[in-house]
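# Descriptive structure summary
Given next are the chains, with one letter for each unit.
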Amino acid sequence: MKGPFLRSPQSTRGLMVQVVVAASPALFAAVVRLGAPAAAAILSAVAGAVAVEATLKHRSVADGSAVVTGAIVALLLPADAPPWLAAIAGALAIGLGKAPWGGLGKNPFNPAALSRAVLMVALPAHFFAPAWRWDAVTAASPLSKEIGATAPSWTALVVGDAPGCLGQAAPWAVVAGGLLLVALRTIDWRVPLAYLSAIAAIALVLPGGARVTGHAPWLVGDPMLHLFGGGTLVAAFFLLTDPATAPMSQGGRIAFAWIAAIATMAIRNFTPYPDGAALAVLLANACAPWLDRVTIERRTQLGTSSRARRGRREWRVPWGRQREVSDGARPSGGTRSSRPTGS
Amino acid sequence: MMPISAYDAVMLAVAVTVLGDRRGRIGWVAVVPLVAALAALAPLGEHGYLVAPVVALVVTLPPLRAPAPALVLAVPTYGSLPAAALAAALYVSSVWLADLLDRRVEERGPPPSWRGAPARLLVLAVLYATLLPVGHL
C-alpha cells in the first residue's frame with residue numbers, strides 16, 4: 001500500500017503525455033474524417049483550456065494537464081461544434097471543473113464531463129441532435145430519439161459512420177488509445193471493463209421507456225449501439241479512469257463503473273437526453289466519496305467478516321466504556337485478535 | 001407566470017437545506033411532497049378546502065428545524081404519487097450527495113476564496129446539471 005511518503009517514479013507531466021498520445025489517434029481520425037471544422041474545434045478546445053489555466057494558475061500550465069483536459073473535452077463535443085463553442089467548453093472545463101477546487105488532483109468532478117454537462121444545460125440546441133456535416137450529408141444521432149434518426153448498422157457503428165460526437169468519428173481509435181493506456185498501466189483496466197460489460201448487460205435486459213418505444217425502438221436490446229454510440233468509449237477509457245475523481249480502492253472503482261453504466265443506460269432509455277455518458281460520469285463522481293467510505297474507511301477499521309462487523313458495532317461505543325468492558329487496550333488496527341476477549 | 005417544476009423545487013429545497021445548514025429532520029421534510037400529492041389527489045369533494053391547511057400543517061409543524069425547505073417542496077404540483085415519491089427520494093439523496101461532496105472538497109483543501117458557501121454552491125450547481133434527467137422521468 002502506498003503512503004503519502006512514497007513517491008511514484010512517474011511524473012505528472014509524463015502521465016499527461018501518455019494520455020495525450022492515447023487520445024491522439026481518436027483526435028487525428030476525427031480530423032481526417034470531418035476535416036477542418038473538427039481540427040478547429042479540437043484546437044479551440046485545447047486553446048480555451050490552456051488559456052484559462054494560464055490565466056488562473058500560470059505555473060501549472062507546464063504539467064500539460066490543461067492540454068489533456070482540452071483534448072478530452074474535444075472528444076465529447078458534437079461533430080458540428082463551432083470553434084467558439086469548443087473554446088468555451090475548454091475554458092469551462094478548467095474554470096469550473098478544475099481551478100475552483102484547488103487545481104490538479106483536487107477536483108471531485110471530471111472537468112471534461114462537467115464542461116459538457118454545463119453546456120448541455122446552457123446550450124441544449126448544440127447537444128440534443130448532434131449531426132455529421134460531412135460529404136454534404138446531415139443526419140441525427142441514433143441516440144437522439146428524434147424524428148430523422150435511424151438505426152445504424154453494426155459496421156457503421158464500429159467504423160464511425162454513425163452520427164454523434166467527435167469521439168465517435170473513429171471508435172476503433174478511442175479503443176486503441178484506451179488499450180495503450182491499459183498496457184502502460186496508466187489506467188486501471190477494471191474500470192473500462194466493468195463499465196462496458198455492464199452497459200452491454202443492461203442493454204440486453206432493460207426495457208425502453210415511452211420516449212424510446214415510440215421514437216427509437218432500436219435503442220432496446222442492442223448492446224453494440226450502446227457500446228459504440230455516444231460517448232460510451234470516451235467515458236470508459238478517458239473519463240471514468242481519472243484518478244482524481246474515481247474511488248481509491250479496486251472494489252470501489254468497479255462499483256463506480258457500475259453506477260456510471262446504470263445511469264448511462266437509464267438516461268438513454270427513459271429520458272429525452274440523447275447521450276447520458278457525461279452526466280453518468282458526473283453522478284458516479286458524486287458517489288465516489290461514499291464508495292471510498294464504504295470500501296476503504298470501514299475496511300481499515302476492522303475486517304469484513306461477520307464477526308468483524310459485529311465487532312465494528314461494538315467499537316462504536318466511547319473508548320472509556322470499551323476499556324471497562326474489555327479490561328484491555330484500545331484496538332490497534334482492526335485484526336480479529338485485537339478484539340477484547342470479554343466483549 | 002410559469003409554475004415551478006417539481007425538479008426545480010426539489011433542487012431549491014436542497015440548496016436551502018445545505019446552504020442554510022438545515023439538515024435536521026430531512027426525513028420529515030421528504031414527506032411533504034407525498035402529503036402534498038395525496039392531498040391534491042384525494043377525492044375530498046366539498047371538503048377540498050382542507051388541502052391547504054393540511055399541507056400547511058405538515059410543512060410547518062413536524063420539521064420545525066427545517067420549515068423553509070419543506071415549504072419549497074409544498075409549492076409544485078406533483079402529477080402522481082410515484083412522482084411525489086421520486087421527488088422525496090431525489091431530495092434525500094441530493095442532500096446526502098451534497099454533504100459527501102462538501103466533506104470531500106473540504107478534505108482536499110480548496111483555495112481560501114472558494115471555501116464554504118462558494119464551494120457548496122458550486123457542488124449544488126453541478127448536482128443540478130447532473131441530476132437534470134431525473135426531472136424527465
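It should be emphasised that the depicted structure is a prediction, and the values quoted were computed from it without experimental measurement.

Our focus in this paragraph is the overall build of chain B. Of regular secondary structure, chain B possesses 6 helices and 0 strands. For chain B, the α and β elements follow one another from N to C terminus as α-α-α-α-α-α. Summarising its shape, the C-alpha atoms of chain B cover approximately 60 × 30 × 25 Å along the three principal directions. Considering only residue pairs separated by 6 or more positions, chain B has 78% of its internal contacts joining residues 24 or more positions apart. Accessible area of chain B: about 6,800 Å², with a carbon and sulfur share of 70%. Taken together, the 9 basic and 7 acidic charged side chains of chain B have centroids lying 8 Å from each other.

Before going further, it helps to spend a moment on the overall build of chain A. A tally of helices and strands in chain A yields 16 helices and 0 strands. In chain A, once contacts between residues fewer than 6 apart in sequence are set aside, the share between residues at least 24 apart is 71%. Here chain A has roughly 15,200 Å² of accessible surface; of this, 64% comes from carbon and sulfur atoms.

On the side of chain B, 24 residues touch chain A, which itself brings 31 residues to the contact. Carbon and sulfur atoms make up 72% of the area that chain A and chain B hide from each other, which totals about 2,400 Å². Considering only the side of chain A, the residues that lose the most area to chain B are P100(A), W101(A) and P289(A), jointly responsible for 22% of the buried surface there. One can count 1 salt bridge joining chain A with chain B. R104(B) is paired through a salt bridge with D292(A); the nearest N and O atoms lie 2.5 Å apart. Here chain A and chain B share 3 residue pairs in polar contact (both at pLDDT 80 or more) between them.

Okay, the pattern of salt bridges next. Residue and element names in this part refer to chain B. A complete count under the given rule lists 5 salt bridges over all chains for this structure. Of the charged contacts in the structure, one is a salt bridge between R120 and D102, with a shortest N-O distance of 3.1 Å. On the criterion of sequence distance, the pair formed by R120 in helix α6 (residues 117-130) and D102 in helix α5 (residues 81-108) is long-range, its members being 18 residues apart. With relative accessibility at 22%, the residue R120 sits in the partly exposed group.

On to the packing of helix α3 (residues 65-76) of chain A against helix α12 (residues 232-239) of chain A, then. Residues and elements named next belong to chain A. Close contact between α3 and α12 brings their axes to 10 Å; oriented N to C, the two are set at 165°. The angle between α3 and α12 falls in the class roughly antiparallel. The way α3 lies across α12 gives a crossing that is left-handed. Taken together, the residues of α12 that come into contact with α3 (itself represented by I72, L75 and L76) are V234, F238 and L239. Of the residues assigned to the contact of α3 with α12, the class counts are 6 nonpolar, no polar and no charged.

Two descriptors summarise a pair of aromatic rings, namely the distance from one centre to the other and the angle between the planes of the rings. Residues and elements named next belong to chain B. By the definition in use, this model includes 3 aromatic pairs over all chains. With centroids separated by 5.2 Å and ring planes inclined at 50°, the aromatic side chains of Y7 and Y128 adopt a geometry described as tilted. Of this pair, Y7 sits in helix α1 (residues 6-19) while Y128 is found in helix α6, placing the two residues 121 residues apart along the sequence. Looking at Y7, the relative accessible area reads 7%, which means it is buried.

Interpretation of the predicted coordinates at a detailed level should be avoided for regions scoring low in pLDDT. Residue and element names in this part refer to chain A. Mean pLDDT over chain A stands at 78; residues scoring 70 or higher make up 71%. At the level of individual helices and strands, chain A shows its lowest average pLDDT in helix α16 (residues 319-326), which scores 39, and its highest in helix α4 (residues 83-95), which scores 94. Below pLDDT 50 for its whole length, residues 132-137 participates in 17 contacts with residues either more than four positions away or in separate chains. Below a pLDDT of 50 lies the segment residues 311-343, which in the model reaches 37 contacts outside its immediate sequence neighbourhood of four places, other chains included.

Attention shifts here to unusual backbone geometry. All names here are of chain A. The phi dihedral of R185 is positive, around 60°, even though this residue is not glycine. Looking at where R185 falls in the secondary structure, it is placed in the loop between α8 (171-183) and α9 (190-205). Here R185 falls in the exposed class, since its relative accessible area comes to 75%.

Residues and elements named next belong to chain A. Relative to the 18 Å expected for 13 residues at 1.5 Å per residue, α8 spans 18 Å between its end C-alpha atoms, a close match to the ideal helical length. For α8, every residue scored as buried is listed here: P171, A173, V174, G177, G178 and L181. Projected onto a plane normal to the axis of α8, the buried residues spread over an arc of 165° and lie on a single side. Residues of α8 that are exposed and point more than 90 degrees away from the buried face comprise W172 and A183. At the C-terminal side of α8, R185 shows a positive phi close to 60°.

Tracing the backbone shows L104(A) in the loop between α4 and α5 (111-122). Classification of L104(A) as partly exposed rests on a relative accessible area of 39%.

Residues and elements named next belong to chain B. Two elements in contact, helix α2 (residues 26-41) and α5, have axes whose closest approach is 9 Å; the angle formed by their N-to-C orientations is 165°. Between α2 and α5, the angle is such that the two are roughly antiparallel. Once α2 is placed against α5, the crossing between them reads as right-handed. Note on element contacts: α5 touches α2 through L81, A84, A85, A87, A88, Y91, V92 and V95, opposite I26, V29, A30, P33, L34, A37, L38 and L41. Here the contact of α2 with α5 is composed, by residue class, of 16 nonpolar, no polar and no charged.

All names here are of chain A. Checked against the element boundaries, P247 lands in the loop between α12 and α13 (250-270). The class for P247 is buried, based on a relative accessible area of 2%. Through-space distance from the C-alpha of P247 to that of W290 is 8.7 Å; in sequence the pair is 43 residues apart. Discounting chain neighbours no more than four positions away, the residues touching P247 are G252, R253, F256, A288, L291 and D292.

About the cut-offs
- Residues numbered from 1 in each chain as written.
- Chains lettered and ligands numbered in written order.
- Predicted model: local features only at pLDDT ≥ 70, side-chain atom pairs only at ≥ 80, totals over all residues.
- Heavy atoms only, no water.
- Helix = DSSP H or I, 4+ residues; strand = E, 2+ residues; numbered from the N terminus.
- Contact = heavy atoms within 4.5 Å.
- Areas by Shrake-Rupley, 256 points an atom, 1.4 Å probe, with all protein chains shown as cover.
- Lys, Arg positive; Asp, Glu negative; His and termini not counted.
- Charge placed at Lys NZ, Arg CZ, Asp CG, Glu CD.
- Buried area = accessible area lost by both parts, 1.4 Å probe.
- Salt bridge = Lys/Arg side-chain N within 4 Å of Asp/Glu carboxyl O.
- Polar contact = N/O pair within 3.5 Å; in protein donor to acceptor, adjacent residues only side chain to side chain.
- Buried < 20%, exposed > 50% of the residue type's maximum accessible area, 1.4 Å probe, protein only.
- Axes fitted to C-alpha atoms, helices over the stretch in contact; angles between N-to-C directions.
- Parallel < 35°, antiparallel > 145°, perpendicular 65-115°, else oblique.
- Left-handed = near helix turned anticlockwise from the far one by under 90°.
- Nonpolar A, V, L, I, M, F, W, Y, C, P; charged D, E, K, R; others polar.
- Phe/Tyr/Trp six-rings, centres within 6.5 Å; stacked < 30°, edge-to-face > 60°.
- pLDDT = per-residue confidence, 0-100.
- Expected span 1.5 Å × (residues − 1).
- Arc of directions from axis to C-beta.

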